[in-house]
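Residue-level structural notes
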Amino acid sequence: MIDFGLAGTVVAVTGGGSGIGRSIAEFAGAHGVRVAVIDRDESAAKSVAADLPDARAYTLDVRDPEETDAVFTAVERELGPLHGAVTCAGVSLPGVADRLSHERWSTVLDVNLTGTFLSLQAAGRRMLPRGAGALVAVGSVDSFGGHGERANYAASKAGIAGVVRSMAIDWGPRGVRVNAIAPGAVDTPLLRRNIPADVIRDTMVARTPLGRLSTGADQAAAALFLLSDAAAYVTGVLLPVDGGTTAGYFTHIAPAGDGPAPDDGAARSPGLPAGR
Ligand SMILES: NC(=O)c1ccc[n+]([C@@H]2O[C@H](COP(=O)([O-])OP(=O)(O)OC[C@H]3O[C@@H](n4cnc5c(N)ncnc54)[C@H](O)[C@@H]3O)[C@@H](O)[C@H]2O)c1
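**Concerning unusual backbone geometry**
What you tend to see is this: most non-glycine residues have negative phi, and most peptide bonds are trans. Here Glu149, not a glycine, exhibits a phi torsion of approximately 65 degrees, which is positive. Checked against the element boundaries, Glu149 lands in the loop between strand E5 (133-138) and helix H5 (151-171).

Right, here's the structure in full:
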């Protein structure tokens, strides 16, 4: 097991009741972290916390600033001073742009962008007087590019990039680092709810150089790295944890074996016939 040096620290995880947040809560708990499992879904948060050695569950809708402040106060009172927070609460409500309702637009922006900002702000406000702490937001590969039928979701994730970079500038001089993981396709209930299985296989996995969906543990390891002192000089960064999805375009265009043999001296890009 990798030693992230985080045993005994307190870390809050929003959206900790399911998917990526749940994996991060479990992974952190297995590394000796005292975890505040925060979720709108009370029973999900409780069931995750109950399985961890040293955790508590908190119910919160991350869109509510007063509730958010109250929950972070309770976390510090009950678990101790926060070392870190990871903001995983998020939703996806697809719709092609000309038919995307105002309600779907607002809900996704409110939860994913405003909710992320409010949780980072609440955690940061408690860390700044102590001059130490690390925050990790959850962006997406959609923080770097568009996504069909998800203008609301892609806007929220691009917005998270702006929040993370700006907070890093504001708070770096005061000892608090702010970064994000940018997951590709992670095998979670959110993904399975929103994307048909054949699209996951034929589009998402096919365009991922590492050839598989991400597990929650892939994301958790990256988040714990950013929370740890191994990342002491890293702030304002969105770390793609995407199996190489954003490394480039045009994967697997040519059938295997197309073009001259690789030992004929002709310079060629992998997957493209010579001369292209
Ligand atoms: N699954 C993927 O492929 C993927 C890829 C990139 C980014 N992400 C991002 O990761 C994050 C987690 O996604 P997931 O796939 O684990 O989804 P999920 O649906 O499995 O989990 C999301 C959790 O957030 C909670 N939540 C939703 N709205 C909330 C609110 N208003 N207040 C508090 N909690 C709320 C839900 O109850 C749920 O427990 C999201 O921000 C998502 O955009 C997911």
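**Examining the pairing of strand E3 (residues 55-59)**
Across the five residues that make up E3, a large majority, four, are buried. Since strand E2 (residues 34-39) and E3 lie parallel, the crossover through helix H2 (residues 42-50) that links them has a hand, and here it is right-handed.

**Quick notes on the environment of Thr114**
The residue Thr114 is located in helix H4 (residues 102-127) in this model. For the pair formed by Thr114 and Gly159, sequence separation is 45 residues and the distance between their alpha carbons is 9.3 Å. Apart from the residues lying within four places of it in its own chain, the contact partners of Thr114 are Arg63 and Leu109.

**With respect to the sheet that holds strand E4 (residues 82-87)**
In space, the seven strands of this open sheet follow the order E3-E2-E1-E4-E5-E6-E7, with parallel pairing throughout. The sheet is open, and its two borders are formed by E3 and strand E7 (238-241), each paired with just one other strand. Each strand axis lies, on average, 20 degrees off the axis of its neighbour in the sheet, ignoring direction. Bridge analysis of E5 against strand E6 (residues 176-183) gives six bridges, and the strand direction is parallel. Across the sheet, residue Gly133 finds its bridge partner in E6, namely Val176. Across the sheet, helix H1 (residues 19-30) is in contact with strand E1 (10-14), E2, E3, E4, E5 and E6; its angle to E1 comes to roughly 165 degrees.

**Some words on the packing of helix H3 (residues 65-79) against H4**
Relative orientation of the contacting elements H3 and H4 amounts to 40 degrees, with a least axis distance of 9 Å. Judged on the interaxial angle alone, H4 and H3 are oblique. Relative to H4, H3 is oriented so that their crossing is right-handed. Here Pro65, Thr68, Asp69, Phe72 and Glu76 of H3 come into contact with H4, specifically with Leu118, Ser119, Ala122, Ala123 and Arg126. Tallied by class, the residues present in the contact of H3 with H4 amount to five nonpolar, two polar and three charged.

**Some points on the site of the ligand**
In the region of the ligand, 30 residues are neighbours, and Gly15, Gly19, Gly90, Thr188 and Leu190 sit closest. The set of elements that each furnish at least two residues to the shell around the ligand consists of H1, H4 and helix H6 (189-194). Its residues assigned to classes, the shell around the ligand shows 15 nonpolar, ten polar and five charged.

**Comments concerning H2**
What H2 keeps buried is the set Ala44, Ala45, Val48 and Ala49. The buried residues of H2 all sit within an arc of 130 degrees when viewed along its axis, so they share a single face. Facing away from the buried side of H2, by more than 90 degrees, are the exposed residues Ser43 and Ala50. Of the surrounding elements, those touching the buried residues of H2 are H1, E2 and E3.

**A short note on the packing of H4 against H5**
Working note: a packed helix pair is described by the angle between its axes plus the distance between those axes. At a minimum axis separation of 9 Å, H4 and H5 run at an interaxial angle of 20 degrees. It follows from the interaxial angle that H4 and H5 lie roughly parallel. Between H4 and H5 lies a crossing whose hand is right-handed. Here Arg104, Trp105, Val108, Leu109, Asn112, Leu113, Thr116, Phe117, Leu120 and Gly124 of H4 lie close against H5, whose contacting residues are Asn152, Tyr153, Ala155, Ser156, Lys157, Gly159, Ile160, Val163, Met167 and Trp171. Among the residues making up the contact of H4 with H5, the classes are represented as twelve nonpolar, six polar and two charged.

Cut-off values and rules
The residue count restarts for each chain, going from 1 along the sequence in the order it is written. Selection of residues for local features in this predicted model requires a pLDDT of at least 70, selection of side-chain atom pairs for listing and counting requires 80 or more, and totals for whole chains, interfaces and linings are taken over all residues. Secondary structure elements follow DSSP: runs of H or I of four or more residues count as helices, runs of E of two or more count as strands, with numbering from the N terminus. With C-beta atoms placed from the backbone, a residue is buried if 20 or more other C-beta atoms are within 10 Å of its own, exposed if 12 or fewer are, and partly exposed between those counts. Note on handedness: a crossover is taken as right-handed if, strands pointing away from the viewer, the path from the first strand over the helix to the second is clockwise. Throughout, a residue-residue contact means that the two C-beta atoms, derived from backbone geometry, are no farther apart than 7 Å. Strand pairing is defined by DSSP finding a minimum of two bridges between the two strands. Between N-to-C directions, angles span 0 to 180 degrees; the directions come from axes that are lines fitted to C-alpha atoms, helices contributing only their stretch in contact. Oblique is the label for every angle not falling under 35 degrees (roughly parallel), over 145 degrees (roughly antiparallel), or within 65 to 115 degrees (roughly perpendicular). Two helices cross in a left-handed way if the nearer one is turned anticlockwise from the farther one by less than a right angle. They cross in a right-handed way if the turn is clockwise. Residues were grouped as follows: Ala, Val, Leu, Ile, Met, Phe, Trp, Tyr, Cys and Pro as nonpolar; Asp, Glu, Lys and Arg as charged; and all remaining residues, including Gly, as polar. Each residue gets a C-beta atom placed from its backbone. If that atom is within 6 Å of a molecule or strand, the residue is near it. Arc, as used here, means the arc of the directions from the helix axis to the C-beta atoms.

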